[in-house]
Amino acid sequence: VLLPFILCHIASVVVVHLFVARRFLVSPRGFLWMGIIMALANGLLGSFITAFVYGGITEVHSIDSLVMGILMTGQSLLTAVFWAGMLTNLVDKLIGSIIAFFFQHRPSRLINRRDHSGEQRQ
């Protein structure tokens, strides 16, 4: 991970914390909104970092290829970096949020299967 992008990870943690603290994760809709907001936060912050810290090229080849493809349509570098970041984050964060929805109760089920002595119940 390129060091400045740790800020994007921190933004994701803040968004998830807010959704959990406000109890918005009670339905699939809450998880989808969490994914969308994480994608927007990461897309904007990541695009800013990419454009101004790395000059638009991060050497993460899949995203750089998308930036180059958008550039070839005649868009500016800032526009290409912005849309590449938004598209990749939207897909990434929505998939992650959907997976989180389906696995949200799994840890509590594993904990509840053990009694107080640490032995598994049968």
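Model, not experiment: these values are computed from the prediction.

Trainee: What's the story with the packing of aromatic side chains in this structure? I'm lost.
Mentor: The way to describe two aromatic rings as a pair is by their centre distance and the angle between their planes. Inspection of the entire model under this criterion finds six aromatic pairs. Taking the centre distance of 5.5 Å and the plane angle of 70° together, the rings of Phe31 and Phe101 count as edge-to-face. Note that Phe31 is positioned in helix H2 (residues 28–53) and Phe101 in helix H4 (residues 77–103), a separation of 70 residues in sequence. Consider the rings of Phe48 and Phe52, whose centres lie 4.9 Å apart with planes at 50°: the pair is tilted. In this pair, Phe48 and Phe52 both sit in helix H2, four residues apart, roughly one turn of the helix. Through a chain of ring-to-ring contacts, three or more aromatic side chains come together here, namely Phe31, Phe101 and Phe102.

Trainee: Please clarify how the environment of Phe101 should be interpreted in this entry.
Mentor: Between the alpha carbons of Phe101 and Pro28 there is a distance of 6.5 Å; along the sequence they are 73 residues apart. Excluding residues that lie within four positions of it along the chain, Phe101 makes contacts with Ser27, Pro28 and Phe31.

Trainee: Got a minute to help me understand the packing of H2 against H4 in this structure?
Mentor: The geometry of a pair of packed helices is captured by two quantities: the angle between their axes and the separation between those axes. Remark: H2 packs on H4, axes separated minimally by 7 Å, with the N-to-C direction vectors making an angle of 150°. Overall, the two elements H2 and H4 adopt an arrangement that is roughly antiparallel. At the point where H2 passes H4, the crossing takes the right-handed sense. Broken down by class, the residue content of the contact of H2 with H4 amounts to 20 nonpolar, eight polar and one charged.

Trainee: Just checking my understanding: could you explain H2 for this structure?
Mentor: For an α-helix, the turn length of 3.6 residues means that residues three or four places apart are oriented alike. The end-to-end C-alpha separation of H2 is 36 Å, in line with the 38 Å expected for 26 residues at 1.5 Å each. Within two residues after H2, Gly55 carries a phi angle of roughly 65°, on the positive side.

Trainee: Looking at this model, I keep getting lost on a nonpolar patch on the surface. Mind explaining?
Mentor: There is a patch of nonpolar side chains on the surface, built from Leu32, Val91, Ile95, Ile98, Ile99, Phe102 and Phe103 and spanning about 690 Å² of accessible area. Considering every element that reaches the nonpolar patch, the biggest residue donor is H4, with six residues. Inspection of the secondary structure puts Leu32 in helix H2. Residue Leu32 is classed as partly exposed on the basis of its relative accessible area of 37%.

Trainee: Is there a simple way to explain the side chain of Asn89 in this structure?
Mentor: Of note, Asn89 is situated in helix H4. Judged by its relative accessible area of 12%, Asn89 falls in the buried class. For Asn89, the residues in contact, after removing those within four places along its chain, are Ala39, Asn42, Gly43 and Leu94.

What counts as what
- Residues numbered from 1 in each chain as written.
- Predicted model: local features only at pLDDT ≥ 70, side-chain atom pairs only at ≥ 80, totals over all residues.
- Heavy atoms only, no water.
- Phe/Tyr/Trp six-rings, centres within 6.5 Å; stacked < 30°, edge-to-face > 60°.
- Helix = DSSP H or I, 4+ residues; strand = E, 2+ residues; numbered from the N terminus.
- Contact = heavy atoms within 4.5 Å.
- Axes fitted to C-alpha atoms, helices over the stretch in contact; angles between N-to-C directions.
- Parallel < 35°, antiparallel > 145°, perpendicular 65-115°, else oblique.
- Left-handed = near helix turned anticlockwise from the far one by under 90°.
- Nonpolar A, V, L, I, M, F, W, Y, C, P; charged D, E, K, R; others polar.
- Expected span 1.5 Å × (residues − 1).
- Patch = residues over 30% accessible without salt bridge, like charges linked within 9 Å, V, L, I, M, F, W, Y side chains within 5 Å.
- Areas by Shrake-Rupley, 256 points an atom, 1.4 Å probe, with all protein chains shown as cover.
- Salt bridge = Lys/Arg side-chain N within 4 Å of Asp/Glu carboxyl O.
- Buried < 20%, exposed > 50% of the residue type's maximum accessible area, 1.4 Å probe, protein only.

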